[in-house]
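# Tertiary structure, described
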Amino acid sequence: MVNKPGKASILAAQDDWNIQLDSHGRLKHFLTIEGLGSEILNNILDTAESFANINEQSVKKVPLLRGKTIVNLFFEASTRTRTTFELAAKRLSADVLNINISTSATSKGETLLDTLRNIQAMQCDMFIVRHNDSGAAHHIARNVSPDISVINAGDGRHAHPTQAMLDMFTIRRSKGHDFGKLRVAIVGDLMHSRVARSQIHALNTLNTGEVRVIGPKTLIPMGIENMGVTVYNDMAAGIKDADVVIMLRLQKERMQGALLPSEQEFYAMYGLSREKLRHAKADAIVMHPGPINRGVEIETAVADGPQSVILKQVTYGISIRMAVMSMVLGREAQSDSRPADEAKA
Ligand code: NCD
């Protein structure tokens, strides 16, 4: 059986997000956007910019992480995230190991921590972890040996920080560096979305002008207003004059009970059709973390249309993941990112 972190460690995770920074304020793990300042987020975005240039060249490889071993540990399904982490690691010249959990010894009863200790004994430098329990990445980061870094590739409905950063990168590349003038609308299943939670933290940290969340009452978490967002249950009003419209997938695998009348009804009210998109600004961009469900949350003509940047998000995911991995494993070469007075103390 997998050793589940459970509720207690979710709460603990909120208290100790600080474990992701080392004593110099540099990223040692990347587990959540919470608790990170705009300098670190902008540093990730600026570093990704230089990797985006490398990714556009015919030879897409740099020797930055030569000799490092990175392990992809995915306990939950993934296409984009796992493959772009693998590509990112390879473009940094690291060695990559993909562990297929469904065929590994965890399915023979080994606990999560025992599996990790065994992989750790193979002298790896970084674990990329996806798990369906909120708090799993923190749990692992707290229990691995101190020379291993952990990157959260999605834990339950809690956080998906690299997805949020590739989304910020996509917005910045399309709309410029000033998030203060942007109105961003996030639509759909906010309740179960780790992507939305991380996006909201990142948008707030980058001082976005306005962040709106839109969906049926059953799919909007209570108290989400406390995260500094405005809630709309009406799609037309919610996306009115938006610069960025982010659509989310219905996370049926995380839903308990009937939260939706039917997919058809959801689509009629909240699906992004060409007609509804007209309420947003004429130059609004349309985003989605994938996988998309055509005809459920988005019309094909919009997903494949001129305003869609959905495939750009996938491309930029490689640059963002290269940035995060190189910052975390190349910490010694980085400058201290704490404010000067704090660093002197
Ligand atoms: C998201 C995820 O897994 O949280 N997908 C992704 O990482 N690209 C969103 C989703 O599954 O709907």
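Our structure is the block above this text.
Worth saying up front: this structure is predicted, and the values here are computed from it rather than measured. (Residues numbered from 1 in each chain as written. Predicted model: local features only at pLDDT ≥ 70, side-chain atom pairs only at ≥ 80, totals over all residues. Heavy atoms only, no water.)

This next bit is on the sheet that holds strand S3 (residues 126-131). The parallel open sheet is built from 4 strands, whose spatial order is S2-S1-S3-S4. Both edges of this open sheet fall to strand S2 (95-100) and strand S4 (149-155), since each of them pairs with a single strand only. Each neighbouring strand pair of the sheet contributes to a mean axis angle of 15°, computed without reference to strand direction. One ladder, built from 5 bridges, connects strand S1 (residues 69-74) with S3; its direction is parallel. Among the inter-strand pairings, valine 71 is bridged to a residue of S3, identified as phenylalanine 127. Here helix H3 (residues 80-91) sits on the sheet and contacts S1, S2, S3 and S4; the angle it forms with S1, its principal contact strand, is near 180°. (Pairing = 2+ DSSP bridges. Helix = DSSP H or I, 4+ residues; strand = E, 2+ residues; numbered from the N terminus. Axes fitted to C-alpha atoms, helices over the stretch in contact; angles between N-to-C directions. Contact = heavy atoms within 4.5 Å.)

Once that is clear, we can look at the site of the ligand. Taken together, Arg80, Thr81, Arg130, His160, Gln163, Arg194, Val195, Arg249, Gln251, Pro289, Gly290 and Pro291 form the complete shell of residues around the ligand. The fraction of the free accessible surface of the ligand (320 Å²) that becomes covered by protein chains is 94%. Contributions of two or more residues to the shell around the ligand are made by H3 and helix H7 (194-205). Counting contributing residues per domain, the shell around the ligand is built from domain 1 (7-159 + 316-344) and domain 2 (161-313), each supplying no fewer than three. (Near = heavy atom within 4 Å. Areas by Shrake-Rupley, 256 points an atom, 1.4 Å probe, with all protein chains shown as cover. Domains from an automatic or database assignment.)

Turning our eyes to something else, we now look at the environment of valine 229. Mapped onto the elements, valine 229 comes out in the loop between strand S6 (210-214) and strand S7 (230-232). Between the alpha carbons of valine 229 and alanine 185 there is a distance of 9.5 Å; along the sequence they are 44 residues apart.

On to the nonpolar core, then. The nonpolar side chains of a soluble globular protein tend to be buried with one another. In this structure, Ile44, Ile186 and Met325 are the most contacted members of the largest nonpolar core, which totals 62 residues. Sorting elements by how many residues they give to this core places helix H12 (residues 310-329) first, with 10 residues. The residue makeup of this core includes at least three contributed by each of domain 1 (7-159 + 316-344) and domain 2 (161-313). Excluding anything up to four places from it in sequence, methionine 325 contacts Leu65, Ile70, Phe85, Ala88, Ala89, Leu92, Met126, Ile128 and Gly330. Residues Tyr232, Val245, Leu250 and Val302 belong to the second largest nonpolar core, which totals 25 residues. (Core = buried A, V, L, I, M, F, W, Y, C linked by side-chain atoms within 4.5 Å. Buried < 20%, exposed > 50% of the residue type's maximum accessible area, 1.4 Å probe, protein only.)

This brings us to the packing of helix H2 (residues 38-55) against helix H6 (residues 161-175). Packed helices, taken two at a time, are described by their axes: the angle between them and the distance between them. Viewed as axis vectors pointing N to C, H2 and H6 meet at an angle of 70°, and their least axial separation amounts to 10 Å. Overall, the two elements H2 and H6 adopt an arrangement that is roughly perpendicular. On the side of H2, the interface is formed by Leu41, Asn42, Ile44, Leu45, Asp46, Ala48, Glu49, Ala52 and Asn53, while H6 contributes Met165, Met168, Phe169, Arg172 and Arg173. (Parallel < 35°, antiparallel > 145°, perpendicular 65-115°, else oblique.)

The peptide bond linking glycine 290 to proline 291 adopts the cis configuration, its omega dihedral lying at -5°. Of note, proline 291 is situated in the loop between strand S9 (285-287) and helix H11 (300-303). Although it is not a glycine, serine 93 sits at a positive phi angle of roughly 70°. For serine 93, the location among the structural elements is in the loop between H3 and S2. With phi around 60°, asparagine 207 is a residue other than glycine that occupies positive phi space. Note that asparagine 207 resides in the loop between H7 and S6. Relative accessible area serves as the criterion here: at 58%, asparagine 207 is assigned to the exposed category.

With that settled, the discussion passes to the side chain of aspartate 155. Relative to the helices and strands, aspartate 155 resides in strand S4. Lacking a salt bridge, the buried aspartate 155 has arginine 194 as its closest oppositely charged neighbour, with an N-O distance of 6.2 Å. Of note is the side chain of aspartate 155, whose polar atom sits 2.8 Å from the side chain of asparagine 152. (Lys, Arg positive; Asp, Glu negative; His and termini not counted. Salt bridge = Lys/Arg side-chain N within 4 Å of Asp/Glu carboxyl O. Polar contact = N/O pair within 3.5 Å; in protein donor to acceptor, adjacent residues only side chain to side chain.)

What follows covers the sheet that holds S9. If you walk across this open sheet you meet the 5 strands as S7-S6-S5-S8-S9, and the pairing is parallel. The sheet terminates laterally at S7 and S9, the two strands that pair on one side only. On average, adjacent strands in this sheet sit at an angle of 20° to one another, irrespective of strand direction. H6 rests against strand S8 (244-247) and S9 of the sheet, and its axis sits at about 165° to S9.

Further remarks concern the packing of aromatic side chains. Summed over all chains, the structure comprises 2 aromatic pairs. Residues phenylalanine 169 and tyrosine 316 carry aromatic rings whose centres are separated by 5.2 Å and whose planes lie at 85° to one another, so their mutual orientation is edge-to-face. Of this pair, phenylalanine 169 sits in helix H6 while tyrosine 316 sits in helix H12, and the two are 147 residues apart along the sequence. Pairing phenylalanine 266 with tyrosine 270 gives two aromatic rings, centres 5.6 Å apart and planes at 40°, and the pair type is tilted. Linking phenylalanine 266 with tyrosine 270, this pair stays in helix H9 (residues 263-270), spanning 4 residues, or about one helical turn. The exposure class of phenylalanine 266 is buried, given its relative accessible area of 3%. A cation sits over an aromatic face here: lysine 276 above tyrosine 267, 5.8 Å from the ring centre. (Phe/Tyr/Trp six-rings, centres within 6.5 Å; stacked < 30°, edge-to-face > 60°. Lys NZ or Arg CZ within 6 Å of the ring centre and 35° of its normal.)

Burial analysis of S6 places 4 of its 5 residues in the buried class, which makes it a mostly covered element. Inspection of the sheet shows S6 paired to S7 by 3 bridges, in the parallel sense. Residue pairing in the sheet places valine 213 in a bridge with valine 231 of S7.

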